[in-house]
Each structure stands twice: as structure tokens, then as C-alpha cells.
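Examining the three-dimensional arrangement
Below, each chain spelled out in residue letters.
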Amino acid sequence: MPEKGRELTFAQAIREALAEEMRRDPLVCIIGEDVAEAGTPFKVLSGLVEEFGKERVIDTPISEAGFTGLGVGAAMTGLHPVVDIMFGDFITLTMDQMVNQAAKVHYMSGGAWKVPMVMRTTLGATRRSAAQHSQSLHAWFSHVPGLKVVLPSTPYDAKGLLKTAIRDQNPVVFFEDKMMYKLKGPVPEEDYTIPFGVADVKREGEDITLVATSSMVQVALGAAAMLEESGVSAEVIDPRTTWPLDEKTLVESAKKTSRVIVLDEGYGRYGVTAELAAVIAEGAFYDLDAPVRRMGAMHVPIPFSPPLEDVTVATEQSVFEAARRLCGKS
Amino acid sequence: MPEKGRELTFAQAIREALAEEMRRDPLVCIIGEDVAEAGTPFKVLSGLVEEFGKERVIDTPISEAGFTGLGVGAAMTGLHPVVDIMFGDFITLTMDQMVNQAAKVHYMSGGAWKVPMVMRTTLGATRRSAAQHSQSLHAWFSHVPGLKVVLPSTPYDAKGLLKTAIRDQNPVVFFEDKMMYKLKGPVPEEDYTIPFGVADVKREGEDITLVATSSMVQVALGAAAMLEESGVSAEVIDPRTTWPLDEKTLVESAKKTSRVIVLDEGYGRYGVTAELAAVIAEGAFYDLDAPVRRMGAMHVPIPFSPPLEDVTVATEQSVFEAARRLCGKS
Amino acid sequence: MTTVAQQPQAAASVGAEAWLRMYRQMISIRLFEEQVNDLYTRALMPGLAHLYIGEEAVAVGVCQALRPDDYITSTHRGHGHCLAKGASPDRMFAELLGKEAGYCRGKGGSMHIADPATGNLGANAIVAGSVGIATGAAFSAKRLGNGRVCVCFFGEGALGQGSLYEVMNLAQLWKLPVIYVCENNLYNEYTHFSETTAGDIMGRATAFGIPAESVDGQDVRAVYRAASQLIERARLGNGPAFLVCNTYRYHGHHVGDINREYYRSKEEEQRWKAEHDPLKLLSRWLAEQGLAAPADLERIHSEVKKEIEAAVNFAIAAPYPSPDEVEQDIYA
Amino acid sequence: MTTVAQQPQAAASVGAEAWLRMYRQMISIRLFEEQVNDLYTRALMPGLAHLYIGEEAVAVGVCQALRPDDYITSTHRGHGHCLAKGASPDRMFAELLGKEAGYCRGKGGSMHIADPATGNLGANAIVAGSVGIATGAAFSAKRLGNGRVCVCFFGEGALGQGSLYEVMNLAQLWKLPVIYVCENNLYNEYTHFSETTAGDIMGRATAFGIPAESVDGQDVRAVYRAASQLIERARLGNGPAFLVCNTYRYHGHHVGDINREYYRSKEEEQRWKAEHDPLKLLSRWLAEQGLAAPADLERIHSEVKKEIEAAVNFAIAAPYPSPDEVEQDIYA
Ligand SMILES: Cc1ncc(C[n+]2csc(CCOP(=O)(O)OP(=O)(O)O)c2C)c(N)n1
Ligand SMILES: Cc1ncc(C[n+]2csc(CCOP(=O)(O)OP(=O)(O)O)c2C)c(N)n1
Ligand SMILES: [Mg+2]
Ligand SMILES: [Mg+2]
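Now for a look at the structure at hand. All values derive from a computational prediction rather than experimental measurement.

So, how was this worked out
- Residues numbered from 1 in each chain as written.
- Chains lettered and ligands numbered in written order.
- Predicted model: local features only at pLDDT ≥ 70, side-chain atom pairs only at ≥ 80, totals over all residues.
- Heavy atoms only, no water.
- Helix = DSSP H or I, 4+ residues; strand = E, 2+ residues; numbered from the N terminus.
- Contact = heavy atoms within 4.5 Å.
- Donors = N, O, S within 2.8 Å, 3.2 Å for Na, K, Ca; no water.
- Tetrahedral: all angles 85-135°; square planar, octahedral: opposite > 155°, others 65-115°.
- Buried < 20%, exposed > 50% of the residue type's maximum accessible area, 1.4 Å probe, protein only.
- Right-handed = clockwise from strand over helix to strand, strands pointing away.
- Pairing = 2+ DSSP bridges.
- Salt bridge = Lys/Arg side-chain N within 4 Å of Asp/Glu carboxyl O.
- Near = heavy atom within 4 Å.
- Polar contact = N/O pair within 3.5 Å; in protein donor to acceptor, adjacent residues only side chain to side chain.
- Areas by Shrake-Rupley, 256 points an atom, 1.4 Å probe, with all protein chains shown as cover.
- Nonpolar A, V, L, I, M, F, W, Y, C, P; charged D, E, K, R; others polar.
- Axes fitted to C-alpha atoms, helices over the stretch in contact; angles between N-to-C directions.
- Least-squares fit on C-alpha atoms with pLDDT ≥ 70 in both.
- Phe/Tyr/Trp six-rings, centres within 6.5 Å; stacked < 30°, edge-to-face > 60°.
- Lys NZ or Arg CZ within 6 Å of the ring centre and 35° of its normal.
- Buried area = accessible area lost by both parts, 1.4 Å probe.
- Arc of directions from axis to C-beta.
- Parallel < 35°, antiparallel > 145°, perpendicular 65-115°, else oblique.

Digging into the environment of A84 of chain C
All names here are of chain C. Tracing the backbone shows A84 in helix α4 (residues 79–84). When the C-alpha atoms of A84 and M26 are compared, they prove to be 8.0 Å apart, with 58 residues separating the residues in sequence. Not counting the four nearest positions on each side in its chain, A84 is found in contact with Q25, I29, A59, V60 and C63.

What follows is the structure, encoded as C-alpha cells:
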């Protein structure tokens, strides 16, 4: 990760990755609702239609299943579509196309066809958007062989991982935390990609490992800073892709620190925290000094009311407290 | 569980539960594809339309999203529909209606509306049905607050749990292993129900715990019998519902035996085995002698070819071997 | 498709009182929404809201043709439907502010207001998300023989979603008492509907054998008349219907959508406001018919204004739910 | 909608040779499927299969109107489409038996045969599961300007699925070269289509402004003629079309569906076989026209029979994939 130089927001990094890949490869196109002149409700794509035209930045009807399916077919026959699903909550409408089609075409055809497509969508709560616009459903896709699942946590990662996703020959689902679009961070000018399946140590530490994904990485880093002040050295690890999963880096950190909290904004139950915790509990079994602690979203539909919504996801404070308890400090 | 008396097949137990509940409550109706005269392709519902008529056993067009949504609305307004999704693979088409609607209506309305409906569907491979007719996707629903998820493993459980599901005031998803429909077992004549969230000890043992769901319970019992002959005493525990989940029984058995294998026919990755393993690893942390071993379906789309398909799911033999290894016996 | 014998009494017997009631409801929605915008601008409302201003005649004309125990389902742009079906502004504002006194105890917010007492099955933030629920409610009504009907409101954007066609097929096969009311306000968010909608909208229903009508959605009398007929037809067991109401939203897609020139012109907006305002159209007609003097309408306006102000103040003063309510009402 | 200038050359210039080729293909499908039934009966085939017998004229008539590099998508009842598009019976049988030599190396089986060499994007076991893929292939063809079209085959049961309407809207908005071919064989599994299909089928496409035609699907000449026109129209950039082929499956929904009287009568089956058999219809016409003597057809029949027998024997003798192939081809 670059220390100095140019800073971009998360949204700018995404846009730049798309623009560069679209310049590099004329087969890349963007398909989704309000992606062209509107540049999506989050304005992430602003300017792309001006550069690439309506032939390559394509507004669709409100038909998530339909245009996702169209993306699968287009990917099989020579294009490289980036399908935009405005809110991660709407992937519910695309599950058949993603899971029964995109994920399986290559395998079912014995390797004859491939599906080089990317689905970009969002996750994350605390935007006061209520239960149907706040979910983090990436665990579902992570469960499905044939898909790859990417969860960037910084502008740098967002750009590098999105480029890798677009160059991949398989269906890749790319989840962006919508609360992070304005986050700034260093992004070099030069072309770079980040390989899938390689976790990133966002911060080194000795006493406890915080494994965190997407939005929760920033929370973990905040908690780590607080912990440092209270004398606890926390390592923060970001798997960056839930599939492929870099088990080794997670397990090694767990072996080193012997205490682990796993953080993810999806529901804790039957979610990403379960897999990560299970992998670590198995791999570092003989080195853990305490059970792996899981912190996912509370197991409730996300409520609208701010004082209710705020308690559904982990915060720097709650991670700080959990980490101190795990280290026997309170 | 009854020891003696009348035996029914799994399919007969399901049918009897439905028939009895439909007699008890005129608001219960069945909605799905080919449920009436055909009685479903598995013939599970044969005879019901003759008794209850086409007003209550209702054939639909091939519109999984449409009639599931209709079921949600019908449930909110006075009926108690049992929605039939022929293959569990087709729940992909119902995710929006189940997850964004059924699961959330009660909560989003602050408790004002409720959705007493049941979705019955199937899971399980090894039927030579290939990748789009062989999946076990119950982990997805287990991940979603507002739903309850039931996985019966015997005719007795199937009947008692289905009755509970139909009497529940919430959306319940009921997964039936299609390879188990012909399995026979004791089912008493009298009315009974089985509460959700209560695991069943299918077999007691001392040396190792096999936690298994649905189809895998029979596999676990077979493996336990083999293990007994080789001097290993295995306890077999069936959570019966993944949500609510009886953590206590799982953890206590793990504490007793100190070795655990978790078995589920869904994909292992980000699936039910992860949650169960994480719960046990946390709850029995200080008592486990070895890491919890997970055995889910291999992380591949289910292949058609028999020699390939057969290696994708756990078998009595593979569980037997894994258990022996875990007990340090080979 | 309706015969003379099936003509509803209602449409014929409507008198001054009913038109004034509709006028009051439309004003009520207009002022409610202006307050919502104000709450947003003053940063008093969490999140966003989608204003119904300009489209009042649709909700009011349709809901006036319904019985209190009939059902509706609504959308992200749902405040108008809720109010027209009988919800009270105070509990609605409370919901919009996430307060305990709200219709959903603060858990739903602007996009999820629901109220069994007025037959409101709930607004829905998934485009076309409630078409199944609406059709299911009609299914219950038919099975239970309670004579109810259900109106399913949705924007023309929902025509993109396949589930609408699935349930229209079911509704027509089973002759369910459901009216699909398509509010065509010309835009799917920031995209003109002509870019997203192939063919003729009416064909989307007639393809399934469902009778379809199209009305000027700014004329509450036209909406009321058409809705009354289709609703009574459904109530009599003749099955579903489809009603397109041509309308326009005056404000942005949501309260934060301020600069709109990249997708529609100020002139277009002005033209609709000047020439097609549902309140102006009705008040002009009431005056022409001698059914109401300007003073009567002014009185209604000021009464409603007071009500709305009281309601918003109630909501602002109301307490939030306590944080431990977060784990209540997940299961019944 | 097609003008004279757009009339395809093909339809006009078809001569005896082409009709005999179609005859051979239809026989080939018929005999292939009889072998499949036999393999099932003899317990040599894992799982089930859905036979195309009776519907041969649809696949053959349509695929004859396609270029080799055009695309198709197929269904659970897909053997006929695959063969008509050019697949060879030996590798198909091998796939049905789960053998390494199969089109999908045994991983797909009966319901998932796919073959890039013949433009076959794959059969699909989800009803309407391939409508998106087909439309996407047409999207690519248009974007890449390669002049290809895509035919999307589906049974009338797929009319229940909303995704079909989503993609027809897209196809018409963007004028994509895709032909939706609805094989109406009267049954969705065990339910007559009239119980599941409201309104008139043609309206399902015309609702989106898509031209629709309906033909006797047992008459390969009629199918070929209609398909040729719609395909050429699409190829010329005039957008999608919808073709209903009225047909009948002679066997059960799948090979195990033996007792069918509860959903359709033996008389009905007999009538179709006697009066509407696509092979008989074509051979009679060929004889009438003096284009083929009975002996010619018999020769074709026995040649094909030998081919099919050799193919099935090849498949039976072929090895299974080795178990470790299970983890190959998950990712490209
Ligand atoms: C399934 C789904 N896709 C996309 C959205 C995002 N979205 C919210 S409103 C809207 C436009 C709706 O247009 P229309 O149905 O015409 O209603 P209007 O806003 O004009 O009243 C979109 C795309 C959504 N809420 N749900
Ligand atoms: C989404 C989905 N729902 C249900 C099924 C089960 N199913 C397989 S074939 C079939 C009937 C299909 O009828 P039709 O489309 O008319 O094709 P046909 O079998 O008549 O050729 C059904 C319901 C399925 N495969 N996919
Ligand atoms: Mg609109
Ligand atoms: Mg059919």
C-alpha cells in the first residue's frame, strides 16, 4: 500500500478503475439502472458516459434479473460486462442468474463456455435507509462455488481489486460499502492490480488479531488505535476476497497473537464471520488462548430509527471493548 | 422418538402432517406447481387434492417468485399458505419475496402485520440431477433474521416439525431431502408437534460428537454404527432447526465428548457447517481436544456424472474415517 | 368490459361533500409532503424521502373508491397512498422521524409505512416488491369471501420487473379482486420511461386478458370514476384490472434530488405545475359548478395546515424507541 | 413487418436437398430419443431425460434457418435443439451417460449440453433460465457487429416466468437480434397450459411491440419458412421476434412419466401421432412433390439408424471421467 502521493476517494478509485479498464479493453461495458447520465444515485460513475458513450454505459429498465441474465449471455459471447446492482439488497432478484447460471456455466459445460463478468453492488447499514436498503448479503455469494467475491476496504484496494475483477475470466461479485464512497486514501497514478486470495495486513500488532472485511476494516483500524492507547497491540487483517480466501494469513496471524475477533457487516449468523472463525479456530487450534469472537450485524432486519439502527453494527467502541475483554483487560 | 408402532415413509409423514393440519384449520392451503392431481413429481402430496379440492390444493403456473409473493400476501390477510417449491435450487427465484418481504414484514411494520406461511422445498444431491437440481441452499435462509429454517431427518421429525411450522405465525422454510422420501420410520397415530430450537440426540455416545442435519443424520448414524464396531462411541446430534438454533445441546455434547464433526449437505464454505463449528468452537473452547471438523458438500457445482457426483458429499465411509482420525485412531 | 348493471352506485351518487373531502385529502397530502421536504432541509429527518407532490389526485381518486376494509399496497413514494387510505399525519410524521409513536414504531421509516386499521399492507422499497403481496391479499379476499378488493399502487418503473407479469397471470387465471394502478409520472428515477419501456403500456395487462384503462391522473374526478368502475367490477367477481394514471412528480426523485436539468427541463416541470395541477383543476371545477366558494377552499386549506403543523410538532416532540426495542418484533 | 426486400434468400431457394437434410435430422432426433428411452429402460442412463419425440420439426425447422455461427439456447427438453444445431450423437450420448467423452465431460448430463463449436450456449434446467443468456448473446452480436442472431427455445411453461418479460422489454428497446421460440406442447409437466396461461400467448410479445407469429410446429416447412423470415429480419437489424410453434410431446414429461391418463388421454396422444406426425407429414409431402421416393427415405432411415447405434455403443464403451476431475473447471 502506497504511503504517499495522490489521494482519491473510494468512489473516485472505482470510477478510475472502470475508466482505465474501459480504455484498455473495448469489450468492457457497464449495464445497470441510472448508470449513464445520472452516474448512479451515488454518483460513482459520473463522467463515464461522457467518455465512453451510451453504447458502453447502458441505462436499463428496472429489471435486475433480466439485465443480469443479459450480462451472463453477453459475457459468454465476447463482451466483458460490468453489471451494476444499485443496492446489495436487490441481489435477491438476481440469485437465479448469478447462482444457477453465471456460477455454473463453466463447470456444467465441462469448461467449454466461460462467463467473464463483474457484478458491482453495495453493502452496509447506518444510512437510515431501513431494512430493504441496508443489507450486507455477500455471505450468500461466498457460499456458491463458481463465483469470486471481493470486499475492498480502501480506495487503493478498490481500484486494484476492481481491475483484477474486470480482467478475471469468471463471474466476480464486487461489494462496495456505500458509507465508504467518500473515504479518501492514497492511490498511485500507475496501473496496478491486486491479486485475489491475498489478505492484506492493514496494521501489524502482537496481542490480538482483528480480522475485518469491507466497512469493518475502518472500524477495526479505529479500534486498534484506541487499543494502542490502552496498551493493547492489535493486528488488523483484511482478507479482501472471501472467495478465494487466504486462510494462511489469517491463521498465521491468529497463531502469532493467539486472540482473534472477526468482524463483518453481514449478519453474524450463518455469515462470513462464521466461516472465518471456523477456519481460524481449526487452523490455529493449538495456539488460541481464547475462543474466536465474532462480531457481525445483529440478527434483525435493519431498523430505520437511528437509535435502533446504530446498535445493529459493530463500532470502534464496541470492538475496543470486546478486544479488551478478550485480552483479559476489563 | 417412538420406538415401536406404525411405520411411515418420510413422504407419507409429510403428507399426513399436511392432511391433518388442513383438516384442523380450513385456512391452510397448498400452492405450487403440479401439487394437485400430480401430487408433485415426488408424489408427496398424492391424495390431498382429492380430499381438500382444488380450492385448497392449488396448481400454479411456473412462477416461483409470483406465487411465493402471493403466499406472503395471503398469509398477511388471513390464510395460512404452504408454498411448494419443487426443487430447492429454485429458491433462487424467490429470494426477494422471502427475504425482502416475508422475513421483514413483521419487523418493518413494528409488529403490525404478520406472515404465517410455510415454504416447503427440497435439498440434496446424488440423484443424478446435475448442478441445477441438486443444491442444498438452506444456509442462505438461515442467514436471514425473520425466517425460521427446518431440516427434518426422520419421518417422525418431518411430521412433528411440519405441524409446528404450519402452526407458527412466522415464515418458516422447510427443507426436505429428496433422497429421503422413501425412508421409513415410526410415526405415532396421535397428534404431536416438535418444538423448534430443540436439538435431538439421535444416538448417545462418549468419544465423539457427530452434529448432522437432514440427509446427513442418516449418514452419521451409519458411520456411528461402523465406529461402534471399531470401538469408538459416537454421539449423533441433530439440531433439527438451524434457526432457532439449540446451541446448548450442541455445546454440551461437545464438552462431553471433546471431539466434534459437523455434517451438512450444503456447501461447507460459508455454510451451515461454519456456523455450527463456530458455535461449538466458541462454546466448548476449553473442552475440545481437537479442532471441530467440518464436512459439507465439496465446493463445486454438483456434477452429473455418477463417479464425480458421488465424491461431492460425505458418506458413511468418509465420516467413519474422519472420525477415527479425529480420535487418533489411524 | 363493465356492463351497465355492474356500474357502481358510488360514482353516480357522489356529491359536493365527497369532492370536498377529496379536495381536503389532496391538500393534506400536499402540505404533508411540503413539511417532509422542510424536515429534510432542516436536517430533522433521518435518511431520504420521495415526495408525492403533483400526484395527489391518483391516491385520492383511487382510495375514495375503496371501502375502509379494502387493502392497498404502496411504494417508496407512498405517503400519499397511506394518507388517502386514512392514516393520520401525526403517526406518519413520527414514523418518518423514527419515533416510537410512528406507525411502525420507528422501525420502518418513510418507505415502509403499514397500518392494518386502514387496510394498508405496507409501502415497499423494492420496485414492484408488493405486487405479490397485493395479489395474495386479493387471493385471501376471494377465498374468505369477504368482498374486499386490493389496490396495488406502483410507478411505471415497476413495469420493468418480471414479477408483475407473473402475478397478473395468476390474478387473471384465478379472477382475483386486485386493481393494478400504474402511476406513470414519466420517470424511473433519473431516466425517462420511454427509454425503459418498450411497446404500449396497456398491452402489458391486456396480454394477460386483463382489462386496462388509462386516465388523466391529475384529474381526481377522472381517476375516481375509472377506479370506482374497476373496483366494483373486481368486487363483483369479474377479476383484476389495470389502471394507468398519467401524472407527474413536481419534486426530485427524492428530497435530495435538486439539480434535475440533466434528465428533465425546468420548462417541463413548470408546464405540469401550471397546467396540470390536481388541486387547481379540482378547485376550478368546484367553483365552476358552484359547489364551493373560494372561501370554503381557503378554510379547508387553513384547517389542514393547522392539522399538519400540529402533527409535525407532535412527531418532533415524540420520543425515540429505546435501543432495546431493536430485538423486538423479529418474530410474531 | 418484413418488407419484400428483406425476404431471406434461403426460404425461396430451398430445394429437395434441403428438405431431405431436414428429414434426416428429424429422423436422427427421433431415433436418438428412442435410444435414450431404451437406455433409461435398461437402467444404463443415470437420472432422467425429457424426450423431444413429436416435436422434431420445431428444432429442425428453426435451426435450418440459422447460420452455423448463430447461437441457440435450449431447455431441459433439449436433445433435439442440440442435434439440429449440429451436435454429434456420439458425444451427446456420452454426455447422457456421464462419460468423459461427452460434450461437457460428463459434468452436465442430459439437461446441460453445450457446445461452442455449434453455437449452442447450453441447455438449461431452470424453466426460462436461459432467456437472459440468449438475449445477452444477441446483445453481443449487435455490439460486435458480427451479424449473428440467437434463438431462444423454451416451452410454453416458461411464459409463467417474469424474467422472460424483462428480457423481451430489453430486446425490443435495444433492437437485439434474438428470436424467442415458444414450443407450445400443451403441457407444463403435468398441467395443461390453459390452466397456467391467461390471455392470448401472442399478446405476451406484442405487449412489448415485438412481432409475434404462430405456426403449426409439426410442419417443418411452415416452421422453416416463419423462422427464416424472423431470423433474417433480426439479422438485418430490425429487432427481436416471437414465434409460437404448436406441437406435442409423444412421451411423458420425462422418461419415467409412464401413467399419464390423469392429465391427458390416450386418445389425445393417438390423435397427434396419427394426424400430426412431423416425419409423416414431411415424407408424404416429399412423395407428393416427387422429391423423394419411399426407398430414398428408407435409406436415410437405415443410415441414421446405424449412426445412432454406433453412437450409443461408443458412449456405452466410453470411460467415465476420473473422480479427481470433480474439482476441475470450477473457474476458468
Ligand atoms: C428492485 C429495485 N431496483 C431499484 C430500486 C431503486 N429505485 C428506487 S425508486 C426507483 C425508480 C422507480 O420508478 P417508478 O417505479 O416509476 O416510481 P417513481 O419513483 O417514479 O414513483 C428505483 C430504480 C429499487 N428500490 N428496487
Ligand atoms: C424454475 C423452474 N421451476 C420448475 C421446474 C420444474 N420443471 C421442469 S420442466 C417443467 C415444465 C416445463 O414446461 P414447458 O416449459 O412447457 O416445457 P416442456 O416440458 O413442455 O417442454 C417444470 C415445471 C424447473 N425446472 N425450473
Ligand atoms: Mg415513475
Ligand atoms: Mg410444455
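Topic: the coordination of the magnesium ion (ligand 3)
Ideal values for angles at a metal depend on the geometry: 109.5 degrees with four tetrahedral donors, 90 or 180 degrees with six octahedral donors. Residues and elements named next belong to chain C. With distances of 2.1 to 2.6 Å, the protein atoms coordinating the magnesium ion (ligand 3) are E156 (OE), E156 (OE), N185 (OD1) and Y187 (O). Seen from the magnesium ion (ligand 3), its 6 donor atoms lie at angles of 53 to 169°, and the figure they make is irregular. Every donor residue of the magnesium ion (ligand 3) comes from the same chain, spaced as E-x28-N-x1-Y. Remark: N185 occurs in the loop between β3 (178–184) and β4 (187–188) and E156 occurs in the loop between β2 (150–155) and α7 (162–173); sequence separation between them is 29 residues. When its relative accessible area of 2% is taken as the criterion, E156 is described as buried. Assessed through its relative accessible area of 5%, N185 is described here as buried.

Digging into unusual backbone geometry
Here the bond from W243 of chain A into P244 of chain A is cis, since omega is -5°, no more than 30 degrees from zero. At S258 of chain B, a position not held by glycine, the phi torsion is positive, near 70°. Assessed through its relative accessible area of 9%, S258 of chain B is described here as buried.

As for the side chain of E21 of chain B
Structurally, E21 of chain B is set in helix α1 (residues 10–24). Once residues lying within four places of it in the same chain are set aside, the contact partners of E21 of chain B are V28, K163, I166 and R167 of chain B.

Points about the pairing of strand β3 (residues 178–184) of chain D
Regular strands have side chains that alternate between both faces of the sheet. All names here are of chain D. Most of β3 sits out of view: 7 of its 7 residues are buried. With helix α7 (residues 162–173) bridging strand β2 (residues 150–155) and its parallel neighbour β3, the resulting β-α-β unit is right-handed. In this sheet, strand β7 (residues 241–246) lies alongside β3 in parallel orientation, the contact comprising 6 bridges. The residue bridging Y180 from the neighbouring strand is F242, located in β7.

With respect to the pattern of salt bridges
Residue and element names in this part refer to chain A. For the coordinates displayed, the defined rule picks out 100 salt bridges over all chains. For E21, the salt bridge goes to R167, with nearest N and O atoms at 2.7 Å. Within this pair, whereas E21 is found in helix α1 (residues 10–24), its partner R167 is found in helix α6 (residues 155–167), the two being separated by 146 residues in sequence. With its nearest N and O atoms 4.0 Å apart, the salt bridge here joins K202 to D238. Within this pair, whereas K202 is found in strand β9 (residues 200–203), its partner D238 is found in strand β11 (residues 234–238), the two being separated by 36 residues in sequence. What you see here is one network of salt bridges that share partners, running through R6, E16, E20, E21, R24, K159, K163, R167, E189 and D191.

Some details on the coordination of the magnesium ion (ligand 4)
Residues and elements named next belong to chain D. In the first shell of the magnesium ion (ligand 4), the protein supplies E156 (OE), E156 (OE), N185 (OD1) and Y187 (O), at 2.1 to 2.6 Å from the metal. Classification of the site at the magnesium ion (ligand 4) rests on its 6 donor atoms, whose angles at the metal span 53 to 170°, yielding the label irregular. Sequence spacing of the donors to the magnesium ion (ligand 4): E-x28-N-x1-Y.

Quick look at the site of ligand 1
What surrounds ligand 1 is a group of 22 residues, the closest being E64 of chain A together with H76, R77, A125 and N185 of chain C. Positioned at a junction of chains, ligand 1 has nearby residues supplied by chains A and C. At 2.5 Å from a nitrogen atom of ligand 1 is found a side-chain nitrogen or oxygen belonging to E64 of chain A. Contacts to ligand 1 include H76 of chain C, whose side-chain N or O atom sits 2.7 Å from an oxygen atom. Bound to the protein, ligand 1 loses 97% of the 570 Å² it would expose on its own. In the shell around ligand 1, the residues fall into 9 nonpolar, 8 polar and 5 charged.

Digging into the sheet that holds strand β10 (residues 208–212) of chain A
All names here are of chain A. A sheet is described by the order of its strands in space; here 5 strands give the open sequence β9-β11-β10-β13-β14, paired in mixed fashion. Bordering the open sheet on either side are β9 and β14 (293–297), each of which pairs with just one other strand. Strand-to-strand twist in this sheet, taken as the mean axis angle between neighbours without regard to direction, amounts to 25°. Of the pairings in the sheet, the one linking β10 to strand β13 (residues 260–267) comprises 4 bridges and is parallel in character. Counterpart to T209 in the pairing with β13 is V260.

Observations concerning the relation of the copies chain B and chain A
Turning chain B through 180° and shifting it by 0.0 Å along the axis lays it on chain A, with an RMSD of 0.0 Å. The relationship between the two copies is best expressed as a two-fold rotation axis. Looking at the interface residues of chain B, 100% of them are also at the interface in chain A, so both copies use one shared face.

Re the packing of aromatic side chains
This model, assessed by the stated rule, comprises 42 aromatic pairs over all chains. Ring centres of F32 of chain C and F93 of chain C lie 4.0 Å apart, and the angle between their planes is 20°; this geometry places the pair in the stacked category. Residue F32 of chain C is found in helix α2 (residues 16–41), and its partner F93 of chain C is found in helix α5 (residues 89–96); the two are separated by 61 residues along the sequence. F93 of chain C carries the same exposure label as F32 of chain C, and that label is buried. An aromatic cluster is present here, built from Y187, Y190, Y248, Y262, Y263 and W272 of chain C joined pairwise through their rings. Here the guanidinium or amino end of K43 of chain A rests over the ring plane of Y190 of chain C, the centre of that ring lying 5.2 Å away. Above the face of the Y103 of chain D ring, R91 of chain D is positioned so that its terminal group lies 4.1 Å from the ring centre.

Quick notes on the interface of chain D and chain B
Contact with chain D, which involves 35 residues of that partner, is made by 34 residues of chain B. Surface buried jointly by chain D and chain B totals about 2500 Å² across both partners, of which 65% is contributed by carbon and sulfur atoms. Across the pair E195 of chain D and K54 of chain B runs a salt bridge, and its minimum N-O distance is 3.4 Å. Viewed at the interface, chain B and chain D are joined by 13 residue pairs in polar contact (both at pLDDT 80 or more). Tallied by class, the residues present in the side of chain D that touches chain B amount to 15 nonpolar, 14 polar and 6 charged.

Examining helix α8 (residues 247–257) of chain B
Residue and element names in this part refer to chain B. Taken as a whole, α8 has its buried residues at L250, V251, S253, A254 and T257. Along the long axis of α8, the arc covered by the buried residues comes to 160°, so they all point the same way. Of the surrounding elements, those touching the buried residues of α8 are β10 (208–212), β11 (234–238), β13 (260–267) and α9 (272–283). At the exit of α8 stands S258, carrying a positive phi of roughly 70°.

Here's the deal with the environment of A322 of chain A
All names here are of chain A. In this structure, A322 sits in helix α11 (residues 316–326). For A322, a relative accessible area of 2% puts it in the buried group. Residues A322 and V251, spaced 71 residues apart in sequence, show a C-alpha to C-alpha distance of 20 Å. Residues contacting A322, with those up to four places away along its chain left out, are I261, R293 and M295.

A closer look at the packing of helix α3 (residues 64–76) of chain B against helix α4 (residues 95–108) of chain B
All names here are of chain B. Closest axis-to-axis distance for the α3/α4 pair is 10 Å, and the angle between their directions is 5°. By the angle between their axes, α3 is roughly parallel relative to α4. Where α3 abuts α4, its residues A65, T68, G69, V72 and M76 lie against Q97, M98, A102 and V105. Classifying every residue of the contact of α3 with α4 gives 6 nonpolar, 3 polar and no charged.

Description of the site of ligand 2
Near ligand 2 you find 22 residues, and of these E64 of chain B together with H76, R77, A125 and N185 of chain D are the closest. The local environment of ligand 2 is shared, drawing residues from chains B and D. Within the contact set of ligand 2, an oxygen atom lies 2.7 Å away from a side-chain nitrogen or oxygen of H76 of chain D. Contacts to ligand 2 include N185 of chain D, whose side-chain N or O atom sits 2.8 Å from an oxygen atom. Taken by itself ligand 2 offers 590 Å² of open surface, and the protein chains cover 98% of this.

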